[in-house]
Amino acid sequence: MLVREDMTWDEVRFEEKNGVYLVHLYKKRRDLECSLVSSNETTKVYRLKDMVTDETYDIVDFAEMDRMFEENGVIFRNRRGLHKEVRRYIDFSLS
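Residues numbered from 1 in each chain as written. Predicted model: local features only at pLDDT ≥ 70, side-chain atom pairs only at ≥ 80, totals over all residues. Heavy atoms only, no water.

Novice: When you look at the pairing of strand E6 (residues 45–50) in this model, what are you seeing that I'm missing?
Specialist: Walk down a regular strand and you will see the side chains alternate between the two sheet faces. With 5 of 6 residues buried, E6 lies mostly within the body of the structure. Where strand E5 (residues 30–40) meets E6, 6 bridges bridge the pair, whose relative direction is antiparallel. Its bridge partner being in E6, asparagine 40 is matched across the sheet by valine 45. Where E5 hands over to E6, the hairpin turn is made up of 4 residues, of which lysine 44 adopts a positive phi near 60°. Pairing geometry for E6 and strand E7 (residues 56–60), over 5 bridges, is antiparallel. Across the sheet, arginine 47 pairs through a bridge with aspartate 58, a residue of E7. What sits between the antiparallel neighbours E6 and E7 is a turn of 5 residues, in which aspartate 54 has the positive phi angle 60°. (Buried < 20%, exposed > 50% of the residue type's maximum accessible area, 1.4 Å probe, protein only. Helix = DSSP H or I, 4+ residues; strand = E, 2+ residues; numbered from the N terminus. Pairing = 2+ DSSP bridges.)

Structure below.
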């Protein structure tokens, strides 16, 4: 999933070709060309920068994140709590 700073997300497919990350947004039927800013292979979190707009996106494997939340007993009481935990997970993974 692609997660933006405002905590909206889209389902994506991304692949790396010659140092350029190609991100396909399924819902918007759009392709982005991005460069890698930072990554964590263990948690499968990538921070990418759009080469055209200079916007920064986080790519997160939600299955991996959900597994970590279940193993550590993280419980969400509301949507705001979920957003805070997702942002904390991303920031911790990339620091």
